[in-house]
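# Chain and residue survey
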Amino acid sequence: MPAVLLLVLATLFWAGNYLVAERAVETLDPVSLTWWRWALASVPLLVLAQVVERPDWRRLLSRWRILMLAGLLGVGGYALLLYAALERTSAINASIVNALAPAAIVVAAVLLGQATADWRAWTGVALGLLGVLLVLTRGDLGRLATLSFNSGDVLMLGAVAVWTAYTLIGRRLGLPVLAATAVQVVLTTIVLTPVVLLTGFSTPPDRAAWGAVLFIVVFPSVGSYLCWNLAIGRVPAGVAGTSMNLVAVFTVAIAALLGQPPTAVQLIGGALVISGVVLASRGGRRARPVGAPRHGIPPGVSSSAPTEGPPA
């Protein structure tokens, strides 16, 4: 299958997570949904890792501490914040705010000395921030003075921050991508099990809810990662990084087909964010090697530019 088509499928599946999870959180709390997602996805991911990468599992497990930290951030924390956000805001808003992540990673990498940035990067970051502020304020920038924001949108900003930290940690691991992801998923599921039991474990109440959970497991949690990892080694870094913008585009398009057309503010804000991300990705460059660049969920997209963005 052509690499570009694999990238399209990966981003389409991740976009589906926003829309399906928006319905799933009506009957499942975010903690339970996160647990079900990763508990059911862990075995398929382990099998895929073994078939595709044939990793040294002993070496991987010897680094369980850092893998657990990364997993709690990028696997558990990101999903929890995303699903909590979708209880309070729309899938369209969540995907647009989420699209800011690559620009946020550029800024964090520059501040930590892991990258340098030129005028394009900073212009892109500014455009992305403006786009997100339009979405957060529903086009009324006067809300900035009173900090009157939708709590779900603020939670998505938290998800972006968590993913940024996860990406910067993941770059230093130097481990096989799918295998490291699978181990993170297993460790995160183990840690979440007592949490979900203490907070009130819930099961999908009907066929529709089970269908939503299974969709999230099969497509965003397994299919997207497989497609992404099969594709990124076969396309230029810029193509892989820019393709992450399709998550927001697909989310908006599918929502419109389902009878939820975007508002003018959402369209303008989304366009600003995506334009900003493209500029920031082209203007940010690694300052020095910091380990394997293609680790994460999805893995890093380049050995030269910190343009990773989260899925869903």
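So, here is what we can say about the structure in this document. Small disclaimer: the values here were computed from a predicted structure and weren't measured.

What counts and how
- Residues numbered from 1 in each chain as written.
- Predicted model: local features only at pLDDT ≥ 70, side-chain atom pairs only at ≥ 80, totals over all residues.
- Heavy atoms only, no water.
- Helix = DSSP H or I, 4+ residues; strand = E, 2+ residues; numbered from the N terminus.
- Contact = heavy atoms within 4.5 Å.
- Areas by Shrake-Rupley, 256 points an atom, 1.4 Å probe, with all protein chains shown as cover.
- Salt bridge = Lys/Arg side-chain N within 4 Å of Asp/Glu carboxyl O.
- Buried < 20%, exposed > 50% of the residue type's maximum accessible area, 1.4 Å probe, protein only.
- Patch = residues over 30% accessible without salt bridge, like charges linked within 9 Å, V, L, I, M, F, W, Y side chains within 5 Å.
- Expected span 1.5 Å × (residues − 1).
- Bend = angle between axes of the 7 residues up to and from the residue.
- Axes fitted to C-alpha atoms, helices over the stretch in contact; angles between N-to-C directions.
- Parallel < 35°, antiparallel > 145°, perpendicular 65-115°, else oblique.
- Nonpolar A, V, L, I, M, F, W, Y, C, P; charged D, E, K, R; others polar.
- Phe/Tyr/Trp six-rings, centres within 6.5 Å; stacked < 30°, edge-to-face > 60°.

## Considerations on the overall build of the protein
- For the protein, the helix and strand inventory stands at 14 helices and two strands.
- In the protein, the proportion of contacts linking residues at least 24 apart, taken out of those at least 6 apart, comes to 85%.
- Working note: accessible area of the protein is about 12300 Å², and carbon and sulfur atoms make up 69% of it.

## So, the pattern of salt bridges
- Counted under the stated rule, the structure contains four salt bridges.
- Its salt-bridge partner being Glu 87, residue Arg 88 comes within 3.3 Å of it at the nearest N-O pair.
- For Asp 118, the salt bridge is made with Arg 120, and the minimal N-O distance between the two is 3.0 Å.
- Judged by its relative accessible area of 26%, Asp 118 falls in the partly exposed class.

## A word on the side chain of Ser 95
- Position of Ser 95 among the secondary structure elements: in helix H5 (residues 91-98).
- Beyond its immediate chain neighbours, meaning those up to four positions away, Ser 95 contacts Tyr 18, Ala 248 and Thr 251.

## With respect to a nonpolar patch on the surface
- Taken together, the side chains of Val 43, Val 47, Val 51, Val 52 and Leu 230 make up a nonpolar region of the molecular surface, amounting to roughly 420 Å² of accessible area.
- A total of four residues in the nonpolar patch trace back to one element, the largest contributor, which is helix H2 (residues 30-53).

## Brief notes about the environment of Val 213
- Tracing the chain through its elements places Val 213 in helix H11 (residues 207-231).
- In this structure, the C-alpha to C-alpha distance between Val 213 and Arg 37, residues 176 residues apart in sequence, is 6.6 Å.
- Residue contacts for Val 213: discarding those within four places in its chain leaves Leu 28, Leu 33, Trp 36, Leu 40 and Pro 204.

## Observations concerning H11
- Between its terminal C-alpha atoms H11 stretches 34 Å, which fits the 36 Å expected from 25 residues at 1.5 Å a residue.
- At Gly 223, H11 shows its strongest bend, of approximately 35°.

## Observations regarding the packing of helix H4 (residues 64-86) against helix H10 (residues 177-199)
- Following both chains from N to C, one finds H4 and H10 inclined at 75°, their axes separated by 8 Å at the closest point. Relative to H10, the element H4 lies roughly perpendicular. In this structure, H4 uses Trp 64, Leu 67, Met 68, Ala 70, Gly 71, Leu 72, Val 75, Gly 76 and Leu 80 to contact H10, whose residues at the interface are Ala 180, Val 183, Gln 184, Val 185, Leu 187, Thr 188, Val 191 and Leu 192.
- Within the contact of H4 with H10, the residues separate by chemical class into 13 nonpolar, four polar and no charged.

## Some details on the packing of aromatic side chains
- By the definition in use, this model includes 11 aromatic pairs.
- Seen from their ring centres, Trp 36 and Trp 210 are 5.1 Å apart, and the 75° between their planes marks the pair as edge-to-face. Of this pair, Trp 36 sits in helix H2 while Trp 210 sits in helix H11; the two residues are 174 residues apart in sequence, bridging distant segments of the chain.
- Centre to centre, the rings of Tyr 78 and Trp 163 are 5.3 Å apart; their planes meet at 65°, and the pair counts as edge-to-face.

In short, shape yes, function no, at least from these values alone.
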